Amino acid sequence: MLGPVILAASRSDKMRRLISAAPVTKPVVDRFIPGETVDQVVPIIKDLTGKGLEVTMDVVGEDITTPEQSYAARDAYLELIGRLQELGLGTKAEMSIKLSMFGQALEGGHELALANVRPVVEAAAAIGTTVTLDAEDHTTLDSMFAIHEELRKDFPQTGCVIQAYLFRTEADARRLAGSGSRVRLVKGAYKEPAEVAYQQKAETDKAYVRILKILMEGEGYPMIGSHDPRLISIAQELARTAGRKLDEYEFQMLYGIRSDEHLRLAAEGHRMRVYTAYGTDWYGYFMRRLAEKPANLVFFLRSMITRG
C-alpha cells in the first residue's frame, strides 16, 4: 500500500528537496546509482562485463521543461556511446532511454523526441550496439510505440519495454512479438489509475506470466525484467517449453538488487543484463526503486535511522 504514496512523493518538489538534502540519502542512493558521470561508471561497466554480465545504461533524468534540456540529454547519451566505443563491448553494453528526457512531453514533443533519439540510435548501431526505449506512464505509450516503429525501419534491433500491470499490454505483446523484435517485460513502476492498470500484485504477476508466454512463443527476443525468484523460474520453464536456446532470451535486473542472483544466472549460461543508471538527476528513478519493493524502502529507512 505504500507504493502509491512513494510514487506520489516522486512527483513532489517539496519531497525532492527534503530527501535530496538529507545527508543520509547519498550512501543509500549509491546502492542503486553508482555514479554521476561517465568517468565514474566506466569502471562499473568494466567490472560487470568482466564478471560475465552485460549492461544496459540509463542516463537518469526526466520531466524536462525546455528543448535545450532535451538536447543536453541527447548529448549525454552520445558522450556515453563514445566511451562505450573505446571499451569495444558491442551488444554487451547497450542503452535504455526514456523519451520524456528527450522532450516527449513538450510542445511538439513527439517530433522532438524522435529527432533527438534518432542520432543516438544511429551512433549506437555504428559501434555495434543498440537502444531500448523505456516505458513510462500510460499516457506516453502510443507516442513511444510509434517512435519505436519508426526507428525499427532503419534500425530493427531497437528494443522497447512493456509493462505487465497495464490492461493493454497483452495486445501490445502480440503485436510486438514478431521476428527481430526485442521486448523487455517489466511489472511497471508508475502510479496508474484502476481504469488502465491492475492494482493488486497478484493480478500483475498473473498478467506477467501470460504476457511472457506470448513473447516466448513469438519470434522475437524476450528480455525478462524481474527480480522475482518465482517469475524467473517460470521464465526458464516457458523458455524450455518454447524450445528456446539460452542465447535466445535474456534476464535483466537492476544494479544493486540481488547481485548474487545476477552472477548465478550468468554462471548457468544465461544472458544476464544489469540495468545501470547514472547521473545527477536521480530522484525520480530512486523513488520508483523504493516503491517497487518494500525491502528497498526498509533498507532506506534503516539507513536513515542508523546514520541519523
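Caption draft 1: Quick peek at the overall build of the chain. Each helix and strand counted, the chain has 13 helices and eight strands in total. When burial is assessed residue by residue, the chain has 54% of its 308 residues classed as buried. Counted over contacts in the chain with a minimum sequence separation of 6, partners at least 24 positions apart contribute 73%. Approximately 13,800 Å² of the chain is accessible, and the part contributed by carbon and sulfur atoms is 55%.

Caption draft 2: Local environment of helix 6 (residues 109–126). For helix 6, with 18 residues, the first-to-last C-alpha span of 26 Å sits near the 26 Å given by 1.5 Å per residue. For helix 6, the full list of buried residues reads Gly 109, Leu 112, Ala 113, Leu 114, Asn 116, Val 117, Arg 118, Val 120, Val 121 and Ala 124. Elements that come into contact with the buried residues of helix 6 comprise helix 5 (67–87), strand 2 (93–97), strand 3 (131–133) and helix 7 (141–154). Two residues or fewer past helix 6, Gly 128 is found with a positive phi of approximately 85°.

Caption draft 3: Here's a closer look at the environment of Val 209. Mapping Val 209 onto the fold places it in helix 9 (residues 201–217). As for Val 209 and Leu 238, which are separated by 29 residues in sequence, their C-alpha atoms are 9.0 Å apart. Discounting residues that sit within four places of it in the chain, Val 209 has contacts with Leu 231, Ile 234 and Leu 238.

Caption draft 4: Local environment of the pairing of strand 8 (residues 272–278). Where burial is concerned, most of strand 8 is hidden: seven out of the seven residues are buried. Alignment of strand 1 (residues 54–59) against strand 8, held across six bridges, turns out to be parallel. Residue pairing for strand 8: Glu 54 is matched across the bridge by Arg 273. The sheet contact formed by strand 7 (residues 250–254) and strand 8 spans four bridges and is parallel. Bridge pairing links Leu 254 to Tyr 275 in strand 8.

Caption draft 5: A look at the packing of helix 9 against helix 10 (residues 229–241). Running from N to C, helix 9 and helix 10 cross one another at 25°; their axes reach a closest spacing of 10 Å. For the element pair helix 9 / helix 10, the angle class is roughly parallel. Crossing handedness for the pair helix 9 and helix 10: right-handed. Contact residues: Asp 205, Tyr 208, Val 209, Leu 212, Lys 213 and Met 216 in helix 9; Leu 231, Ile 234, Ala 235, Leu 238 and Ala 239 in helix 10.

The rules behind each value
- Residues numbered from 1 in each chain as written.
- Predicted model: local features only at pLDDT ≥ 70, side-chain atom pairs only at ≥ 80, totals over all residues.
- Heavy atoms only, no water.
- Helix = DSSP H or I, 4+ residues; strand = E, 2+ residues; numbered from the N terminus.
- Buried < 20%, exposed > 50% of the residue type's maximum accessible area, 1.4 Å probe, protein only.
- Contact = heavy atoms within 4.5 Å.
- Areas by Shrake-Rupley, 256 points an atom, 1.4 Å probe, with all protein chains shown as cover.
- Expected span 1.5 Å × (residues − 1).
- Pairing = 2+ DSSP bridges.
- Axes fitted to C-alpha atoms, helices over the stretch in contact; angles between N-to-C directions.
- Parallel < 35°, antiparallel > 145°, perpendicular 65-115°, else oblique.
- Left-handed = near helix turned anticlockwise from the far one by under 90°.

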